[in-house]
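Chain by chain, the residues run as shown.
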Amino acid sequence: MNVADLKINNLVEYKNQIYNITEIFQDNEKDYFVKIENDIHGFSVPAASIKPIHITEEWLEKFGFLRTYSSDQRIRYERPEAFIKYDIDLSSRKIVEGLKIYGNTIRCKYIHEFQNIFSCLFGKEPATMNYGLVGTES
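Sequence order as written defines the numbering, with residues in each chain counted from 1. Totals for whole chains, interfaces and linings use every residue, but because this is a predicted model, local features are given only for residues with pLDDT of at least 70 and side-chain atom pairs only at 80 or more, for both listing and counting. Side-chain metrics rest on all non-hydrogen atoms present in the structure, leaving aside hydrogens and water.

Focus on the sheet that holds strand β4 (residues 42-46)
Across the sheet, which stays open at both edges, the 4 strands sit in the order β1-β2-β3-β4 with antiparallel pairing between neighbours. In the strand order of this sheet, the two ends are held by β1 (11-14) and β4, each with one partner. Strand-to-strand twist across the sheet, computed as the mean angle between neighbouring axes with direction ignored, equals 50 degrees. As paired strands, strand β3 (residues 32-37) and β4 are joined by 5 bridges and run antiparallel to one another. Pairing of Glu-37 across the sheet is with Gly-42, part of β4. Each pair of strands is called paired provided DSSP finds at least two bridges between the two strands. Helix numbers and strand numbers start at the N terminus; a helix is a DSSP run of H or I with at least 4 residues, a strand a run of E with at least 2. Every axis in this analysis is a line fitted to C-alpha atoms, fitted for helices over the stretch in contact. Angles between the N-to-C directions lie between 0 and 180 degrees.

Take a look at the structure:
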């Protein structure tokens, strides 16, 4: 992962568990580290050792999206804000897949990307329905 894409409160994966980033820092050799925490553990690890979490239907629902459309080609999820949608393209070309804001498609495959976009738009983290920071399905 590119450390420049990370910010405090991003959700990431480390050793098949989900963690919340609580700190990003450099050591004396200028290597980047992140302090990560979940309900069980909290420690610092090299930033290069964490992985992004892919956006899945389960994660979309945890972030307040509801499935509003489904066909053989596409599944659409929408949030209460009418201008935010997420399309899952079921075709092999993946042309329409991604986050839609005011009809514009934004490449957004990972949870931390969605968190960062949402934070920029609204000035706060997206509320979740208990994302349980212990296990992951990736």
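Having seen it, we continue.
Remarks on the layout of surface pockets
In this analysis a 1.4 Å probe is tested at points of a 1 Å grid over the protein atoms alone, and where it fits but cannot get out there is a cavity; an open set with protein on both sides within 12 Å along at least five of seven lines is a pocket; lining residues have an atom within 4 Å of a point. Grid points are joined across faces, edges and corners, and a volume is the space filled by probe spheres set on the points. In this structure, the largest pocket occupies an estimated 240 Å³ of space. Around the largest pocket, the lining residues are His-54, Ile-55, Thr-56, Glu-57, Tyr-86, Ile-88, Lys-94, Glu-97, Gly-98, Arg-107, Cys-108 and Lys-109. As a working rule, the residues Ala, Val, Leu, Ile, Met, Phe, Trp, Tyr, Cys and Pro are called nonpolar, Asp, Glu, Lys and Arg charged, and the rest polar, with Gly in that last group. When grouped by side-chain class, the residues that make up the lining of the largest pocket number 4 nonpolar, 3 polar and 5 charged.

Quick look at the domain arrangement of the protein chain
One frequent convention defines the size of an interface as the accessible area lost when the parts assemble. Here the limits of each domain have been adopted from an automatic or database domain assignment. Entries for the protein chain in the domain assignment read domain 1 (3-51) and domain 2 (57-122). Taking only C-alpha atoms into account, the centre of domain 1 sits 25 Å from that of domain 2. What makes two residues a contact is simply this: any of their non-hydrogen atoms within 4.5 Å. Contact with domain 1, which involves 7 residues of that partner, is made by 7 residues of domain 2. Note on terms: buried area is the combined drop in 1.4 Å-probe accessible area of two parts once they are placed together, counting the loss on both. Interface area, domain 1 with domain 2, both sides summed: about 570 Å², of which 54% is carbon and sulfur. For salt bridges, the criterion is a side-chain nitrogen of Lys or Arg within 4 Å of an Asp or Glu carboxyl oxygen. There are 0 salt bridges connecting domain 1 and domain 2. Polar contacts, as counted here, are pairs of nitrogen or oxygen atoms within 3.5 Å of one another; within protein the pair requires one atom able to donate a hydrogen and one able to accept it, and residues that are adjacent in sequence qualify only if both atoms are side-chain atoms. Taken together, the connections running from domain 1 to domain 2 amount to 5 residue pairs in polar contact (both at pLDDT 80 or more).

Some words on the environment of Val-34
Here Val-34 shows up in strand β3. In this structure the C-alpha to C-alpha distance between Val-34 and Arg-74, which are 40 residues apart in sequence, comes to 36 Å.

Some details on the pairing of strand β5 (residues 66-70)
As paired strands, β5 and strand β6 (residues 74-78) are joined by 4 bridges and run antiparallel to one another. Bridging across to β6, Ser-70 finds its partner in Ile-75. The antiparallel pairing of β5 with β6 creates a hairpin that spans 3 residues between the two strands.

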